[in-house]
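Here's the letter readout for the chains.
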Amino acid sequence: MNWTRKDLLGLEDLSPEEIKLILDTAVPMKEIIGRPIKKVPTLRGRTVVTLFYEPSTRTRTSFELAAKYLSADSVNIATSTSSVVKGESLKDTARTITAMGADVVILRHSMAGAPHLLARTVRAAVINAGDGAHEHPTQALLDMFTVREKMGGLAGLTVAMVGDILHSRVARSNIWGFTRMGATVRLCGPATMIPPQVEAMGAQVCATMEEALAGADVVMMLRIQLERQQQGLFPGVREYARLFGLNRERLALARPGALVMHPGPMNRGVEIAPEVADGVQSVINEQVTSGVAVRMALLYLLAGGGKGQE
């Protein structure tokens, strides 16, 4: 199939076929990353703008590298030094950017729904790089790509996600993505950090970490997002680590060879023990490489490559 959407705003409304197209397109992109010269002329003449209203290292850098590897021109706009600090609205900033000829705008914003507003405002393709506590679709896609590469597929797998589910846009996108591709998703964390009615998304809520990890094929740990939450949702870091931290003993409850994942940044010794984060079952570094490949695939598809254009 060919890609027909103008934007990538989330995984909630993507079909399994669209997700598969993105993951399949990322396969040759990863091969490019492994070459001595990581450069192809695929998007020469296209302009990609990263517009981040929140701090980011991995996501912004991987998008910039993805654009460079495809020979697109990339521009990073730091909102702290732009007209945003003078009160310019998101709409006006975006219109200014697209008036300069941008083909793709990659937006990270603290408000849920900001990329959807932007997509209705500008002609350029819009990629959601994280909006509030809503979705982070490219992170979920790179997680699925990593698991598919290691396990050979996604259907029939059991994925355990543990941590601050309530404030995690990564969790939401992964629930939509993995369940749509035929996997079972289990959730675990403090009761105050589990969203109400999350089962309606297709996930299972487990009362204990032991229940969540039993026989799981993938264990994905999520950090406590202190910057998004109110105080008093859990007793303390030490108590949290005791009840919901992933150590060797708990990992042994999962299927032998189960993958250990983390979207980063990690709080070592809190949600994940250092020996597990650096252990043989960890694919955390592979997730970073997959992130560049998946974002290359999305730039290719949205900038015209998936629509039969030059």
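Rules behind the numbers
- Residues numbered from 1 in each chain as written.
- Predicted model: local features only at pLDDT ≥ 70, side-chain atom pairs only at ≥ 80, totals over all residues.
- Heavy atoms only, no water.
- UniProt positions renumbered as here; feature names shortened; annotations may be inferred.
- Core = buried A, V, L, I, M, F, W, Y, C linked by side-chain atoms within 4.5 Å.
- Buried < 20%, exposed > 50% of the residue type's maximum accessible area, 1.4 Å probe, protein only.
- Helix = DSSP H or I, 4+ residues; strand = E, 2+ residues; numbered from the N terminus.
- Domains from an automatic or database assignment.
- Contact = heavy atoms within 4.5 Å.
- Buried area = accessible area lost by both parts, 1.4 Å probe.
- Salt bridge = Lys/Arg side-chain N within 4 Å of Asp/Glu carboxyl O.
- Polar contact = N/O pair within 3.5 Å; in protein donor to acceptor, adjacent residues only side chain to side chain.

- Per an unreviewed UniProt entry, the chain goes by Aspartate carbamoyltransferase and derives from Desulfofundulus thermobenzoicus.
- Comment text from UniProt for the chain, heading Catalytic activity (unreviewed entry), reads "carbamoyl phosphate + L-aspartate = N-carbamoyl-L-aspartate + phosphate + H(+)".
- According to the UniProt record, the Pathway (unreviewed entry) comment for the chain reads "Pyrimidine metabolism; UMP biosynthesis via de novo pathway; (S)-dihydroorotate from bicarbonate: step 2/3."

## Examining the nonpolar core
Next up, step 1: If you look at the biggest cluster of nonpolar residues, it comprises 67 residues, and the most contacted ones within it are Leu141 and Leu299.
Next up, step 2: The element contributing the most residues to this core is helix H11 (residues 284-302), with 9 residues.
Next up, step 3: Here this core spans two domains, since at least three of its residues come from each of domain 1 (7-136 + 288-304) and domain 2 (137-283).
Next up, step 4: Ala212, Leu213, Ala216 and Leu246 belong to the second largest nonpolar core, which has 25 residues in total.

## What about the domain arrangement of the chain?
Next up, step 1: Domains assigned within the chain are domain 1 (7-136 + 288-304) and domain 2 (137-283).
Next up, step 2: Put simply, the middle of domain 1 and the middle of domain 2, counted by C-alpha atoms, are 25 Å apart.
Next up, step 3: Every contact between the two is made by 36 residues of domain 1 and, on the other side, 26 residues of domain 2.
Next up, step 4: Of all residues in domain 1, Leu11, Leu23 and His136 give up the largest surface area on contact with domain 2, accounting jointly for 28% of the area buried on that side.
Next up, step 5: The tally of links from domain 1 across to domain 2 stands at 3 salt bridges.
Next up, step 6: The salt bridge partner of Glu54 is Arg169, with a shortest N-O separation of 3.1 Å.
Next up, step 7: Summed over the shared surface of domain 1 and domain 2, the result is 17 residue pairs in polar contact (both at pLDDT 80 or more).
Next up, step 8: Elements represented by at least two residues in the side of domain 1 that touches domain 2 include exactly helix H1 (16-33), helix H2 (58-69), strand E3 (104-109), strand E4 (125-131) and H11.

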